[in-house]
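# Coordinate analysis (summary)
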Amino acid sequence: MTTVSRPVTVPLPPHLGHPFAPAGRANPGPAYRWLQLHDPVHYDPYSRMWWLTSHAACGAALRDHRLSAALGQRERARDDALPPSMLTTDPPEHQRLRNPGQLLLGPAAIRSLEGVLGEEIDALIGALPDRFDAVEAIGAPFATAVFGRLFGLPRTDWARFELLAGAASVNLDPLAGSERAAAGRAAMGELSRFLTAHARTAVAGPLGRLMADDRITEREKTGILGLAVVGGWQPLAEMVGNALYWLLPRPEAVAVLHGSGGDTGHGADGGGAARLLVDELLRLEAPIPFTARVATEEVPLPGGTVPRDGRVLIIIAAANRDPAAFEDPDELRPGRTPNPQLAFGAGTHFCLAAQLVRTAGALLLPRLLGRFPGLALTTAPDALAWDPSPIPRRLLSCPVTTTGSADAG
């Protein structure tokens with residue numbers, strides 16, 4: 001009789017809750033830190049996955065082609081599969097789709113939008129009242145304006161697009177229950193039909209250039225559009241509240257933005273002050289905190305080895321606060337450089353929307369805090385509530401006042 005060996009499990013100390021248990025989701029940081037120090041390539045018997053928590057292990061795994069994203073997609077705790085896309089394919093199929101995607105989301109395409117995005121941001125923040133919830137009043141409208149301009153959508157369609165984008169973004173969450181997953185599938189189908197109908201008429205701008213590319217099919221073009229929305233709209237929408245949570249209690253960080261002039265960092269070093277700050281904010285609160293892979297063969301990593309067919313969870317939120325890679329990992333350092341944060345992944349699957357998120361954030365934050373230099377939270381940071389779902393990482397609300405007289409110290 002053949003005996004199947006089981007991975008050796010290093011148990012978490014009893015005082016540390018399981019990071020994915022309801023009680024542990026609110027603050028998984030202590031468990032991640034313990035694993036980084038004691039077992040950075042950790043077999044978790046509950047999820048039956050190999051957890052990577054160190055920056056070295058996560059960075060190596062993201063760049064290793066022996067860890068399959070296509071197979072990792074199947075590890076979602078749902079009975080629906082995402083359609084073939086850059087997110088769910090491996091090379092060379094991944095690169096075949098990615099090259100045309102650059103026409104929509106590459107650096108040149110995003111630079112062409114900076115002027116109109118600045119106009120949209122100024123109009124949005126110019127209409128804000130003295131008190132508002134930044135998540136509701138800025139987050140979704142800001143993300144919608146960015147994508148409305150990127151896709152060249154008629155302004156009359158923006159409200160419908162925002163509704164569909166928000167509903168379809170549940171597809172980011174691999175742990176969504178059956179009811180939410182079904183609603184997400186339906187919304188994604190409707191969003192795809194909406195974008196396809198619009199894209200067929202596009203002749204100019206980034207969308208027009210994508211649609212004129214004959215390297216991929218129309219269905220694949222629609223898949224790129226859908227992935228851009230699911231992977232970009234939600235992170236942009238949630239970045240606003242998450243950023244203000246970190247910025248507003250720290251006047252020294254706000255002062256960096258006041259002096260940045262909205263520099264998005266397209267110079268020789270790509271390191272404008274606002275751009276550096278956005279990278280640091282995304283390091284602290286990565287909207288997509290983990291991603292899955294499956295090993296196609298045995299893969300040695302810093303701190304341990306994943307066996308063939310091993311199911312792997314690359315915990316980006318842990319890697320981004322690894323003290324071995326970042327000095328003062330739990331502190332906001334606005335000018336941190338170098339900043340090897342992994343919020344956008346690494347290697348072949350580096351997020352194609354990274355330039356969009358960075359540029360839009362670096363345009364928004366200086367304008368917002370320049371328009372309202374007294375912007376302050378009206379609730380103590382510790383009292384703000386985070387969504388109990390691990391994906392996306394987001395505040396449920398972020399109430400602020402423009403007068404600088406917060407109700408809570």
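Going by the structure above, here's the rest.
Predicted model, so just to flag it, every value in this text is computed and none were measured.

Broken down by element type, the protein chain carries 16 helices and ten strands. Sorting the 409 residues of the protein chain into buried and exposed places 54% on the buried side. If you sum the accessible surface of the protein chain, you get close to 17,500 Å²; carbon and sulfur atoms cover 55% of it.

Attention shifts here to the packing of aromatic side chains. This structure, assessed with the given rule, holds ten aromatic pairs. Where tyrosine 245 meets tryptophan 246, the ring centres are 5.8 Å apart and the plane angle is 80°; that geometry is what we call edge-to-face. Considered together, tyrosine 245 and tryptophan 246 belong to a single accessibility category, that of buried residues. Chaining the aromatic ring pairs together yields one cluster made of Phe147, Phe151, Phe161 and Phe194. Arginine 155 extends its terminal NZ or CZ atom over the ring of tryptophan 158, reaching a point 4.3 Å from the ring centre. A cation over an aromatic ring shows up here: arginine 393 above the ring of tryptophan 386, its NZ or CZ 3.7 Å from the ring centre.

On to the packing of helix 12 (residues 218–247) against helix 14 (residues 273–284). Between helix 12 and helix 14, the shortest axis-to-axis distance is 10 Å and the interhelical angle comes to 95°. On the basis of their axis angle, the class for helix 12 and helix 14 is roughly perpendicular. Between helix 12 and helix 14, the residues in contact are Met239, Ala243, Trp246 and Leu247 and Leu277, Val278, Leu281, Leu282 and Leu284, respectively. Looking at the contact of helix 12 with helix 14 residue by residue, the classes come out as nine nonpolar, no polar and no charged.

So, about helix 7 (residues 114–126). In an α-helix, one turn spans 3.6 residues; hence positions three or four apart end up facing the same way. Over its 13 residues, helix 7 runs 18 Å from end to end, which matches the ideal 18 Å to within 8%, given 1.5 Å per residue. Lining the buried residues of helix 7 we find helix 6 (107–111), helix 8 (134–151), helix 9 (158–168) and helix 16 (354–371).

By the definition in use, this model includes 21 salt bridges. With a shortest N-O distance of 2.9 Å, arginine 394 and aspartate 387 are connected by a salt bridge. Each of Arg33, Glu285, Arg321, Asp330 and Arg393 takes part in salt bridges that share partners, so that together they form one network.

In this structure, the second largest pocket occupies an estimated 680 Å³ of space. The set of elements that each furnish at least two residues to the lining of the second largest pocket consists of helix 1 (22–25), helix 2 (29–38), helix 12 and helix 15 (316–319). Broken down by element, the residue count for the lining of the second largest pocket peaks at five residues, all from helix 2. Of the residues assigned to the lining of the second largest pocket, the class counts are 20 nonpolar, four polar and eight charged.

Another aspect to go through is helix 8. If you check helix 8, its first and last C-alpha atoms are 24 Å apart, about what 18 residues at 1.5 Å a residue would give, namely 26 Å. By the criterion of burial, helix 8 is predominantly enclosed, with 14 of the 18 residues buried. Count one or two residues on from helix 8 and you reach glycine 152, which has phi positive near 65°.

A few words on the sheet that holds strand 1 (residues 41–44). Taken together, five strands build an open sheet; the order of strands is 1-2-8-5-3 and the sheet is mixed. Edge positions in the sheet fall to strand 1 and strand 3 (67–68), since each of these pairs with one other strand and no more. In this sheet, strand 2 (residues 49–52) lies alongside strand 1 in antiparallel orientation, the contact comprising four bridges. Within strand 2, the position partnered with tyrosine 43 by the bridge is tryptophan 50.

Judged by nonpolar contacts, the single largest core of 121 residues is most densely connected at Phe142, Phe147, Phe151, Phe161 and Leu247. Sort the elements by how many residues they give to this core and helix 12 lands first, with 15 residues.

So, about the sheet that holds strand 4 (residues 131–133). To summarise the sheet geometry, strands pair through backbone hydrogen bonds and adopt either a parallel or an antiparallel arrangement. Overall, antiparallel pairing links the three strands, which are arranged 4-10-9 in an open sheet. Only two strands of the sheet have a single neighbouring strand rather than two, namely strand 4 and strand 9 (376–377). Pairing of strand 4 with strand 10 (residues 399–401), which is carried by three bridges, proceeds in the antiparallel orientation. Bridge pairing in strand 10 places aspartate 133 opposite proline 399.

Thresholds applied
The numbers attached to residues start from 1 for each chain and follow its sequence in the written order. Note on the predicted model: pLDDT of at least 70 is required for a residue's local features to be given, and 80 or more for side-chain atom pairs to be given and counted; whole-chain, interface and lining totals, by contrast, use all residues. Only hydrogens and water are set aside when side-chain values are computed; all heavy atoms of the structure are taken into account. Every helix listed is a DSSP run of H or I at least four residues long, and every strand listed is a run of E at least two residues long, numbered separately from the N terminus. Working definition: with a 1.4 Å probe on protein chains only, accessible area under 20% of the residue-type maximum means buried, over 50% means exposed, and in between means partly exposed. Using the Shrake-Rupley algorithm and a 1.4 Å probe, accessible areas are obtained, with residue cover drawn only from the displayed protein chains. Classification of ring pairs rests on two measures: the distance between centres of Phe, Tyr or Trp rings, Trp counted by its six-membered ring, which must be within 6.5 Å, and the angle between planes, read as stacked under 30 degrees, edge-to-face over 60 and tilted in between. Charge over a ring is defined by NZ of Lys or CZ of Arg lying within 6 Å of the ring centre and within 35 degrees of the ring normal. Here an angle of 0 to 180 degrees is reported between the N-to-C directions of two axes, which are lines fitted to C-alpha atoms, with helices fitted over the stretch in contact. An angle below 35 degrees is treated as roughly parallel, one above 145 as roughly antiparallel, one from 65 to 115 as roughly perpendicular, and anything else as oblique. Note on definitions: a residue-residue contact is assigned when non-hydrogen atoms from the two residues lie within 4.5 Å. Ten residues, namely Ala, Val, Leu, Ile, Met, Phe, Trp, Tyr, Cys and Pro, are considered nonpolar, four, namely Asp, Glu, Lys and Arg, are considered charged, and the remaining ones, Gly among them, are considered polar. Take the residue count of a helix, subtract one, and multiply by 1.5 Å to get its expected span. Any Lys or Arg side-chain nitrogen found within 4 Å of a carboxyl oxygen on Asp or Glu counts as a salt bridge. As defined here, a cavity is a set of points on a 1 Å grid over the protein atoms alone where a 1.4 Å probe fits but cannot get out. A pocket is an open set with protein on both sides within 12 Å along at least five of seven lines, and residues line them when an atom is within 4 Å of a point. Grid points are joined across faces, edges and corners, and a volume is the space filled by probe spheres set on the points. Only strands that DSSP links by at least two bridges are regarded as paired with each other. Only buried Ala, Val, Leu, Ile, Met, Phe, Trp, Tyr and Cys residues count toward a nonpolar core, and they belong to the same one when joined by side-chain atoms within 4.5 Å.

What is shown is where atoms sit, not what they do.
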